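Descriptive structure summary
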Amino acid sequence: MRITSTGAAARPEYYDRNPTQVDLGSTTGSVAPHILTFRYNYTVPTGRKFLLGMWRVYWQRITAAAPVGRTDSDVQITPNGGSAIVNVDVIGLTNGVGDHDGATGGQATVLLAGDNIAGGDIDGSTGGGVVFTEAIQGTEFDA
Amino acid sequence: MLVRVKLTGSGVGRDALRPNLPTYSDVLHLHTQGFAYVLIPDDTHPELHKHASAKFEQTGHGDALIALDEAGHSAWHAHLDKMYQEHKGKFRPEIA
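Because the structure is predicted, anything quoted here is derived from the model rather than measured.

Description of the interface of chain A and chain B
- In this complex, chain A contributes 20 residues to the contact, which on the side of chain B involves 19 residues.
- Those elements that place two or more of their residues in the side of chain A that touches chain B are strand E1 (20-27) and strand E2 (34-43) of chain A.
- If one sorts the elements of the side of chain A that touches chain B by residue count, E2(A) sits on top with 10 residues.
- Of the residues assigned to the side of chain A that touches chain B, the class counts are nine nonpolar, 10 polar and one charged.
- Note that E2(A) and strand E3 (residues 24-30) of chain B share two bridges and pair antiparallel. Residue pairing for E3(B): Asn41(A) is matched across the bridge by Tyr24(B).

Now the structure itself:
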């Protein structure tokens, strides 16, 4: 009985193929309303792949706006040659100081060479300030 | 390493305001001035440290590259084209 092919047995696991830990992210200060802004960006190099391990999105209002607009913190994935899709986001439309929302998750998604993942935020308010956090962790390895 | 780069993108739809880099992590965005301080992987941009025209500024996050001549930019862009062949000609970061 064969339970694994000789080819599969000869190929190391992904985490043994020249792995590189990728940790990207940013926490802003209290920032004014702004257009969609990417806080980190990661593109898979040629000949490599990337296994997404975890992501984090978060926002917290520090000072009230007048009026408040849509607040969004998100992660977007763009396949090579494709269009961006929002992988995860937290959206708010509240104006209380200290209001916040966030999410952290694990996700075993494999990105191929040329694929991109980015974390960004937007605040459509007038005035006021919000702190944003976006981050990812994963492992890059030989394809 | 820390670099100060120009921002691109309209911020409308999916065209986010960002540095024109394949990989970076934000340290400080200065929207109104049109540039940002970002961290980029040292091992994927070896030309920048050593280039004769590189000038640095001391910041609270370490020395930031703030000047690079045309030859330095060309070498950097060529390196990015080789490393990201699926996006040849796309990544054209500009030190600001």
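Structure's up, so let's keep going.
Considerations on the environment of Thr104(A)
All names here are of chain A.
- Positionally, Thr104 belongs in strand E6 (residues 100-111).
- Each C-alpha atom, one on Thr104 and one on Trp59, is 12 Å from the other, the two residues being 45 residues apart in sequence.
- For Thr104, the residues in contact, after removing those within four places along its chain, are Met54 and Arg56.

Here's the deal with the environment of Phe141(A)
Residues and elements named next belong to chain A.
- Examined against the element boundaries, Phe141 turns out to sit in strand E8 (residues 129-142).
- The spacing of Phe141 and Pro19 is 122 residues in sequence and 4.5 Å in space, taken between C-alpha atoms.
- Residues contacting Phe141, with those up to four places away along its chain left out, are Tyr14, Tyr15, Arg17, Asn18, Pro19, Arg48 and Lys49.

Section: the nonpolar core
- Ranked by size, the top nonpolar core spans 39 residues in total, and within it Ile117(A), Ile136(A), Val3(B), Val5(B) and Val38(B) carry the most contacts.
- If we ignore the near neighbours within four places in the chain, the residues touching Val38(B) are Val3(B), Val5(B), Pro19(B), Leu21(B), Tyr24(B), Ser25(B), Asp26(B) and Val27(B).

Some details on the pairing of E3(B)
All names here are of chain B.
- Of all seven residues in E3, five are buried, a share of seventy percent or more.
- Alignment of E3 against strand E4 (residues 35-39), held across five bridges, turns out to be antiparallel. Bridging from a neighbouring strand, Leu28 pairs with Tyr37 of E4.
- Following E3, the chain reverses through four residues before pairing antiparallel with E4; Gly34 in that reversal takes a positive phi of roughly 80°.

Criteria and thresholds
Note on numbering: residues in each chain are counted from 1, in written sequence order. Here the convention is simple: chains get letters from A, ligands get numbers from 1, in the order in which they are written. Local features are withheld for residues below a pLDDT of 70 in this predicted model, meaning they are given only at 70 or higher, and side-chain atom pairs are given and counted only at 80 or more; totals for whole chains, interfaces and linings count all residues. Contact definition: two residues whose C-beta atoms, as placed from backbone geometry, lie within 7 Å. Working definition: helices are DSSP H or I runs of at least four residues, strands are E runs of at least two. Numbering for both runs from the N terminus. Residue polarity follows a fixed list, in which Ala, Val, Leu, Ile, Met, Phe, Trp, Tyr, Cys and Pro are nonpolar, Asp, Glu, Lys and Arg are charged, and the others, Gly among them, are polar. Paired strands, as defined in this entry, are two strands with at least two bridges between them according to DSSP. Take the buried Ala, Val, Leu, Ile, Met, Phe, Trp, Tyr and Cys residues, join any whose C-beta atoms are within 7 Å, and the set you get is a nonpolar core. With C-beta atoms placed from the backbone, a residue counts as buried when 20 or more other C-beta atoms lie within 10 Å of its own, as exposed when 12 or fewer do, and as partly exposed for counts between those limits.

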